[in-house]
Amino acid sequence: MLDRNIVPMTSVNSTMPWFGMDIGGTLSKLVYFEPKDMMQGESESEIEILKSIRKYLTKNSSYGKTGHRDTHLQMDNVVLRGIVGTLHFIRFPTSKMKNFLVLANQKGMAKLVTTVCATGGGAYKFEEDFKREVNMKLAKYDEFESLLKGLLYIDKNNPTECYYWSNPTDGTKCSKVQYDFSSPYPFLLVNIGSGVSILSVNSATECKRVSGTSLGGGTFLGLCCLLTGCNSFEEAIGLAAEGDHTHVDKLVKDIYGGDYAKFGLPGDLVASSFGQMNSRDRRSKVSRQDLARATLVTITNNIGSIARMCAIQQKVERVVFIGNFLRVNPIAMKLLAYAMEYWSNASMKALFLEHEGYFGAVGCLLQYHGET
Ligand SMILES: Nc1ncnc2c1ncn2[C@@H]1O[C@H](COP(=O)(O)OP(=O)(O)O)[C@@H](O)[C@H]1O
Ligand SMILES: CC(C)(COP(=O)(O)O)[C@@H](O)C(=O)NCCC(=O)O
């Protein structure tokens, strides 16, 4: 859906590069398109500015002292407005938006483009800042429509984009398996960002938000920081990988002594998340790793459970999980894969995508350029 303030296509500044942003509650995702043939309509000075911005974005794709630099990703040989080029993917914390704007100004980004297409809540929140700091207009697009358009475009351009986890609970047999997503409808799209939005998708142009929960990626990170003293998502995931949630959670077997067979509840199922932590003795024995793992399991299982109920309600079998919560997070993906399969008697499938957090930024770029 085109925002009222949008610049019509006829007046779009069509010089390179083309930027698309998804300014989320935690992370800002920036995608830019670089044509293969740099001389196509470009002046020397534009090329120099572009090179300098690219160098800067590549080197500074992560801000702050987290000790971790985000990977700079790219996708070659994509076509935008009939031009072959490369899509570059960058992300940085939304809390550093002011720094980004100052640096973008210094690097001459504003000389290249007068309008940046943007989606996510920050497209509204930071609109005035963009105008004031870099004299740029934001062409705003709806975040869910952008997500869907970006997802379909990236999947079409990358044959290995979509996959599922086979044997998700078996450490030795578990593996990523490519999935053909060319006939995907209907499907459920679960976007795990700061919070969680669940969309029911019936066609490339038909999607509706059917549910959501505030217990999302932001909750995992926030609780993990509080409980373990960690300072970054990467650290939280690293701790979780070393921990054991059964030291923290109360399982069915802790209550029943085994399975609750009559109602099909296996003994190893979590009966009460963090349920052991009301005991001082237990609390004195848990590690930071155990707490991180239990937080990850709690948040992930809750999302899986809501997603499964939505899938039943919407009568869909494919559930696609995206969002940066799943970044470097195979534990959560495998939990979701297992939960969807187990509780649906294998009638539902959890699907995942390689560029999990970038679809909004790509989608608004496509819409701006009429590539829908
Ligand atoms: N480097 C990171 N910094 C902060 N959060 C991260 C990072 N990588 C992954 N995450 C996870 O991704 C979530 C944000 O996901 P994202 O899809 O970008 O949502 P939003 O659009 O709300 O920012 C965070 O809440 C956190 O769980
Ligand atoms: C408000 C949001 C759409 C913002 O998207 P996000 O930045 O989290 O990706 C999302 O956080 C959300 O849907 N939250 C859950 C609200 C609820 O249904 O309770």
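For the structure, check the block above.
Residues numbered from 1 in each chain as written. Chains lettered and ligands numbered in written order. Predicted model: local features only at pLDDT ≥ 70, side-chain atom pairs only at ≥ 80, totals over all residues. Heavy atoms only, no water.

**Comments concerning the site of ligand 1**
Surrounding ligand 1, one finds 17 residues, the nearest of these being Thr26, Leu27, Lys29, Ser194 and Arg327. Asn324 is positioned such that a nitrogen or oxygen atom in its side chain is 2.9 Å from an oxygen atom of ligand 1. Considered on its own, ligand 1 offers 580 Å² of accessible surface; in the complex 89% of this is hidden by protein. Of all the secondary-structure elements, those providing two or more residues to the shell around ligand 1 are strand E2 (27–35), helix H7 (217–228) and helix H8 (233–242). Considering each element in turn, the shell around ligand 1 owes the most residues, three residues, to H7. Of the residues contributing to the shell around ligand 1, the split by class is five nonpolar, nine polar and three charged. In this structure, the shell around ligand 1 is formed jointly by two domains, domain 1 (18–148 + 359–366) and domain 2 (213–248 + 286–353), each of which donates at least three residues. (Near = heavy atom within 4 Å. Polar contact = N/O pair within 3.5 Å; in protein donor to acceptor, adjacent residues only side chain to side chain. Areas by Shrake-Rupley, 256 points an atom, 1.4 Å probe, with all protein chains shown as cover. Helix = DSSP H or I, 4+ residues; strand = E, 2+ residues; numbered from the N terminus. Nonpolar A, V, L, I, M, F, W, Y, C, P; charged D, E, K, R; others polar. Domains from an automatic or database assignment.)

**Remarks on the sheet that holds strand E11 (residues 206–213)**
The strands that make up a sheet are held in pairs by hydrogen bonds between backbone atoms, and each pair lies either parallel or antiparallel. In space, the seven strands of this open sheet follow the order E8-E7-E15-E14-E9-E10-E11, with mixed pairing throughout. Either end of the sheet is taken by a strand with one partner, and the two such strands are strand E8 (175–178) and E11. Taking the axes of each pair of neighbouring strands and ignoring which way they run, one obtains an average angle of 30 degrees across the sheet. Note that strand E10 (residues 196–203) and E11 share seven bridges and pair antiparallel. By the bridge assignment for E11, Val201 is matched with Cys207. In the packing of helix H6 (residues 143–157) onto the sheet, the strands contacted are strand E7 (162–166), strand E9 (187–192), E10, E11, strand E14 (318–322) and strand E15 (349–353), and the crossing angle to E10 comes to about 60 degrees. (Pairing = 2+ DSSP bridges. Axes fitted to C-alpha atoms, helices over the stretch in contact; angles between N-to-C directions. Contact = heavy atoms within 4.5 Å.)

**A short note on the pairing of E2**
Most of E2 is tucked away: nine of the nine residues are buried. Covered by surrounding structure in E2 are Leu27, Lys29, Val31, Phe33 and Pro35 together with Ser28, Leu30, Tyr32 and Glu34, the residues of both alternating faces. One ladder, built from six bridges, connects strand E1 (residues 18–23) with E2; its direction is antiparallel. Bridged to Phe19 within E2 is Tyr32. Bridge analysis of E2 against strand E4 (residues 83–93) gives nine bridges, and the strand direction is antiparallel. Counterpart to Val31 in the pairing with E4 is Phe89. (Buried < 20%, exposed > 50% of the residue type's maximum accessible area, 1.4 Å probe, protein only.)

**Comments concerning the environment of Arg209**
As for its placement among the helices and strands, Arg209 is situated in strand E11. If we ignore the near neighbours within four places in the chain, the residues touching Arg209 are Phe144, Val196, Ser197, Ile198 and Leu199. Polar side-chain contacts of Arg209 include one of 3.2 Å to the side chain of Ser197.

**Details of the packing of helix H11 (residues 288–314) against helix H12 (residues 330–343)**
Axis separation between H11 and H12 bottoms out at 9 Å; the angle between their running directions is 40 degrees. If you check the angle between H11 and H12, you find them oblique. Seen along the crossing, H11 lies across H12 with a hand that is right-handed. In this structure, H11 uses Arg293, Leu296, Val297, Thr300, Asn301, Gly304, Ala307 and Arg308 to contact H12, whose residues at the interface are Ile331, Ala332, Leu335, Leu336, Ala339, Met340 and Trp343. (Parallel < 35°, antiparallel > 145°, perpendicular 65-115°, else oblique. Left-handed = near helix turned anticlockwise from the far one by under 90°.)

**Things to note about the side chain of Asn329**
Here Asn329 is to be found in the loop between E14 and H12. Given a relative accessible area of 1%, Asn329 falls into the buried group. Polar contacts involving the side chain of Asn329 include one to the main-chain carbonyl oxygen of Phe325, which spans 2.8 Å. Among residues more than four places away in sequence, those in contact with Asn329 are Phe233, Ile237 and Leu296.

**Side note on the packing of aromatic side chains**
In total, this model carries 16 aromatic pairs according to the counting rule given. Centre to centre, the rings of Phe92 and Phe100 are 4.6 Å apart; their planes meet at 20 degrees, and the pair counts as stacked. Each member of the pair, Phe92 as well as Phe100, is classed as buried. Of the aromatic side chains, those joined through ring pairs into one cluster are Tyr163, Trp165, Phe321 and Phe352. A cation sits over an aromatic face here: Lys176 above Tyr163, 4.4 Å from the ring centre. Over the ring of Tyr164 we find Lys349, and its NZ or CZ is 4.0 Å from the ring centre. (Phe/Tyr/Trp six-rings, centres within 6.5 Å; stacked < 30°, edge-to-face > 60°. Lys NZ or Arg CZ within 6 Å of the ring centre and 35° of its normal.)

**Re the environment of Phe263**
Along the polypeptide, Phe263 turns up in the loop between helix H9 (252–256) and strand E13 (270–272). When the C-alpha atoms of Phe263 and Ala139 are compared, they prove to be 53 Å apart, with 124 residues separating the residues in sequence.

**Quick notes on the pattern of salt bridges**
Tallied over the full model, the rule gives nine salt bridges. Close ionic contact of Asp268 with Lys253 constitutes a salt bridge, the shortest N to O distance being 2.5 Å. Separated by 15 residues along the polypeptide, Asp268 in the loop between H9 and E13 and Lys253 in helix H9 bring together distant segments of the chain. Look at Asp268 and you get exposed, because its relative accessible area is 54%. The partly exposed category is assigned to Lys253, whose relative accessible area is 38%. Salt-bridge contacts for Asp281 lead to Lys285; the nearest nitrogen and oxygen are separated by 3.1 Å. One end of the pair, Asp281, and the other, Lys285, are both in helix H10 (residues 280–285), four residues apart, so they sit about a helical turn from each other. Shared partners join several salt bridges into a network, and the residues in it are Lys98, Asp129, Arg132 and Glu133. (Salt bridge = Lys/Arg side-chain N within 4 Å of Asp/Glu carboxyl O.)

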